[in-house]
Amino acid sequence: MKAEDNQETGLKEKTETGKLKLIPIYVMGKRYQVPHALTIMKALEYAGYRFIRGCGCRGGICGACATVYRKPGDYHLYVGLACQTVVEPDMYLTQIPFYPANRAHYDFAQLTVEPEEIFKLYPEVFRCIACNSCTKACPMDIPMMDVISAVKQGAIARAAGLSFSCIQCGLCVSRCMGELPQYHIAQLARRIHGSKLIPRAPHLTAAMTAAKDEKCQKMLGGLMKSDIRQLITSYNSREIEPEMAADDWTPANCDYL
Amino acid sequence: MPYTGEPKKLISVVEKTRSERLSRKRKGEEFPLMSLEERAAILQKFHPDHKEEGRRELKVGASKGYSIAHEFADLLEARSRVAPDLVDLSNVDMETDVLIVGGGGAGTAAALLAEEHGAKVILATKLRHGDANTMMAEGGIQSATKREKDSICLHYLDTIGGGHFKNEPGLVANLVTEGPGVLSWLENLGVAFSKFPDGRLRSLHGGGTSRRRLHFCGDITGIEIMRTIRDEARNRQNINVLEFSPAVELVLNAHGHCAGALLYNLETEEYILVKAKATIITTGGCGRLHVQGYMTTNHYGATADGIVLGYRAGLQLKFLHTVQYHPTGIVFPEQVGGLLVTEKFRGAGANVLNINGEQFVNEKEPRDVESAAIIRECLERGKGVPTGTGKLGVWLDSPMIDILLGEGTVERDFPGKYIVYKRFGIDISREPMLVYPTLHYQNGGLEFNDRSETTVPGLFLAGEVSGGVHGENRLVGNSLLDVLVFARIAGKNAANYARDKARDGQMTLEHVRFYHKELEEAGIATDRIAPILLPDYTDPEVRKRQLTAH
Ligand SMILES: Cc1cc2nc3c(=O)[nH]c(=O)nc-3n(C[C@H](O)[C@H](O)[C@H](O)COP(=O)(O)OP(=O)(O)OC[C@H]3O[C@@H](n4cnc5c(N)ncnc54)[C@H](O)[C@@H]3O)c2cc1C
Ligand code: FES
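Residues numbered from 1 in each chain as written. Chains lettered and ligands numbered in written order. Predicted model: local features only at pLDDT ≥ 70, side-chain atom pairs only at ≥ 80, totals over all residues. Heavy atoms only, no water.

Novice: Give me helix α1 (residues 5-26) of chain B: which residues, what numbers.
Specialist: An α-helix turns once per 3.6 residues; consequently, residues spaced three or four apart project the same way. Residues and elements named next belong to chain B. Here α1 spans 33 Å end to end across 22 residues, near enough to the 32 Å set by a 1.5 Å rise per residue. Arg18 marks the point of greatest bend in α1, at about 40°. By the burial criterion, the buried members of α1 are Pro7, Leu10, Ile11, Val14, Arg18, Arg21, Leu22 and Lys25. Summarising the contacts, the buried residues of α1 are in contact with β14 (352-353), β15 (385-386), β16 (392-396), α12 (399-405) and β17 (433-441). A positive phi of about 80° marks Gly28, the residue just after α1. (Helix = DSSP H or I, 4+ residues; strand = E, 2+ residues; numbered from the N terminus. Expected span 1.5 Å × (residues − 1). Bend = angle between axes of the 7 residues up to and from the residue. Buried < 20%, exposed > 50% of the residue type's maximum accessible area, 1.4 Å probe, protein only. Contact = heavy atoms within 4.5 Å.)

See the structure below:
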């Protein structure tokens, strides 16, 4: 890729003088001038950083780019994902690409849905002092303290639901007074919920059997051997399930069922 | 960055045509689908794959003469990161049964299966474990799970129709047959699919599907699958994960079998020699090559490294002349440009519209056709919507979804995208989105067979790095399925191979020396090196001042 058509920074927007509007930011205390409308991630790259750590999906979903910052004259600690947060003049920032958090080992197949199982693996859940720092630190707006109190109350489904969009960036862990590994605990709750608490899909076993039964494999074998003209005919005559149909819709044409 | 100026004004045009479009939608009246001939014609004229000036014939290697995008050709006509003479092959740093290169969905699933079949596993990955395209999948995973209305044969037809009838039949047969088993495996591990209260899986249409068989976990299917299987891998004592340690070259042995790989510690810049009885490449895709200058949906590490490794070791390329442009990537706000807007928005009822608020393409066309139609609307017909930041796009009318399916649906069913836009002051349940095609997926890749084997004994593949399953175009939800189906096959077969068939022999990098020689003989004098490992987005002015060679 040529630097001129850098798709990432995509710096098209210029001021009347033809110059980019630059603002100062402080990266780990050091001042850089960067274009005003960039995300923190792209601003760092503009400044000359080439990431090894602290950059993953670039789309707000992997949790690699957790960042904390302060603004002048404001005591709050702000959090954000570098790939999603736009720079502000004079912000002081640092990325936190990694934060140690202990994870329990378990044999998942053997676990039951009893909340005590989680308590045994993570006894530290009871060290939570309900300070709410984890919730405040979450760039995904997850009410992490409520997740932990749900676990303490044995409400695994609630913990799973509340933490569903967790990207495991680790910022909650970094701020925890009780020294909990919140995101590992939430992960365990979600797995127990997904596998052992909500009803299993009742149609999957039948589908697995059907996929491998003789009749079906024979039909499939026939398709695999068809020439392209036959395939095109079959393809064009497929009956399309209507978008707004109820889930129990059944086709009029049962050729390939 | 909320909408201002021109785009803001143009939204009112969309609103004007909305009620009429809604009533057509409710009556089930859709914009007509194109015939196969019309599809072929629009692809030929407007799909970037068909631009002659965008590609060239390879001058070296097993697929010499094959014409592919310059961005790939540049990588394949490049030298190794290490001079083979500098590597002491008698000094093995680590030894294992199965080495897996790439810690995304395919790598992790393969690791689990290899371990279950008795192998000691090293999983070497470039960034953190799970920093991968798998993490980013939003739409879902296809599989024929509802017998009353669907079957693997219909899934087969949809898949090869989408792939222009060019897919490898045996690979597609595996894909569809193993599908229901994969979903059951995931459910067992704790992946929380979106379900009806009785446990039945909810499912949607995607472009090119005849039945609603796209299963999903909210709009974050990829992260739910990735974080669950990663968590499981962390429970397994015999899976050793090495992060920030990309493979830069495969190592063969005197029998011509794969014997492991040379890894590079990105942080200490050391090379690490890993000897393995079997090796699986699962390095994913190529979005960060920005083929033809397109923006991309892919993660930071999607630089086609596996293609380079495999090609130097003698594997052939399949279907790499096509890459997939997802029709709906964000073009505004600029800060999140390139990000994917899942086709589930269209599945849920959102129209694709031009500057006049008119439909110009059915929303359920296969991706390549949908993209070509959007490009035509903007470039040829001049009916694109100016973004105010120097680009063109088309509208995706997301507010229709709340009107059709009930207030709050967009926020509930698309929480990920809802929050991305909210951060920029745009409420996508009230205002439409501006989108344009974005580089999304590597349709083709290295050649392999339905046992995940390659022509090099001891070398296996799985996932986006491979070619053949999807022919020339992949359908939504078929990649997550491909990744898991073939990773499970590769994991099992690699473990069995390591136990029963692997032959020890002197390790060698002769194939790299040979490749270098071939480059010289073809008259390619270049200082390009590959794999590139990471893209470089440094400002060009800054780069001019970076004088140390690296
Ligand atoms: C935004 C987005 C949305 C998508 N949505 C869907 C969807 O809804 N449904 C669907 O089916 N598919 C979807 N896809 C496609 C699908 O997610 C991917 O094709 C698939 O997950 C690829 O899996 P993989 O394991 O092959 O590669 P990845 O998941 O990308 O994993 C590859 C891994 O290898 C590592 N790696 C790369 N080079 C090296 C090296 N040299 N050495 C060691 N490690 C290396 C990478 O860092 C990465 O961790 C989507 C893709 C994207 C980008
Ligand atoms: S890079 Fe993945 S969340 Fe920012």
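Novice: Which residues make up the domain arrangement of chain B, and what values do they have?
Specialist: Residues and elements named next belong to chain B. Along its sequence, chain B is organised into domain 1 (5-30 + 324-440) and domain 2 (79-323 + 442-508). Distance between the C-alpha centres of domain 1 and domain 2: 31 Å. If you look at the interface, domain 1 gives 29 residues, while domain 2 gives 30 residues. Contact between domain 1 and domain 2 buries roughly 2500 Å² in total, counting both sides, with carbon and sulfur atoms accounting for 52%. Counting the surface domain 1 buries against domain 2, the share from its top three residues, Gln324, Lys344 and Leu439, is 30%. Summed over the shared surface of domain 1 and domain 2, the result is one salt bridge. Applying the counting rule to domain 1 against domain 2 returns 17 residue pairs in polar contact (both at pLDDT 80 or more). (Domains from an automatic or database assignment. Buried area = accessible area lost by both parts, 1.4 Å probe. Salt bridge = Lys/Arg side-chain N within 4 Å of Asp/Glu carboxyl O. Polar contact = N/O pair within 3.5 Å; in protein donor to acceptor, adjacent residues only side chain to side chain.)

Novice: Give me the lowdown on unusual backbone geometry, citing residues and values where you can.
Specialist: At the junction of B:Phe332 and B:Pro333, the peptide bond is cis and its omega measures out at -5° in the coordinates. With respect to the element layout, B:Pro333 can be found in the loop between β13 (324-330) and α10 (344-347). Looking along the chain, the bond that leaves B:Ala530 and enters B:Pro531 is cis, with omega of -5°. Notably, A:Met28 is not glycine yet its phi reads approximately 50°, a positive angle.

Novice: Describe the packing of aromatic side chains, and please don't skip the residues or the numbers.
Specialist: Overall, the coordinates contain 13 aromatic pairs over all chains when judged by the stated rule. Ring centres of B:Tyr264 and B:Tyr271 lie 4.8 Å apart, and the angle between their planes is 40°; on these two criteria the pair is classed as tilted. Note on B:Tyr264: relative accessible area 10%, which makes it buried. For B:Tyr271, a relative accessible area of 32% gives the class partly exposed. Pairwise contacts between aromatic rings join B:Tyr3, B:Phe332 and B:Trp395 into one cluster. Against the face of A:Tyr32 rests A:Lys30, its NZ or CZ located 5.7 Å from the ring centre. The residue whose ring lies beneath A:Lys71 is A:Tyr78, and the NZ or CZ to ring-centre distance is 4.3 Å. (Phe/Tyr/Trp six-rings, centres within 6.5 Å; stacked < 30°, edge-to-face > 60°. Lys NZ or Arg CZ within 6 Å of the ring centre and 35° of its normal.)

Novice: A description of the site of ligand 1 should follow, citing residues and the corresponding values.
Specialist: All names here are of chain B. Neighbouring residues of ligand 1: 39 residues in total, closest Thr134, Gly139, Glu464, Ser479 and Leu480. The contact in question runs from a nitrogen atom of ligand 1 to an N or O atom on the backbone of Gly140, over 2.8 Å. Contact with the protein chains hides 99% of the accessible area of ligand 1, taken as 1000 Å² for the molecule alone. Within the residue set of the shell around ligand 1, elements represented by two or more residues are α4 (105-116), α5 (133-136), β17 and α15 (478-500). Top contributing element to the shell around ligand 1 by residue count: α15, with four residues. Looking at the shell around ligand 1 residue by residue, the class counts come to 12 nonpolar, 21 polar and six charged. (Near = heavy atom within 4 Å. Areas by Shrake-Rupley, 256 points an atom, 1.4 Å probe, with all protein chains shown as cover. Nonpolar A, V, L, I, M, F, W, Y, C, P; charged D, E, K, R; others polar.)

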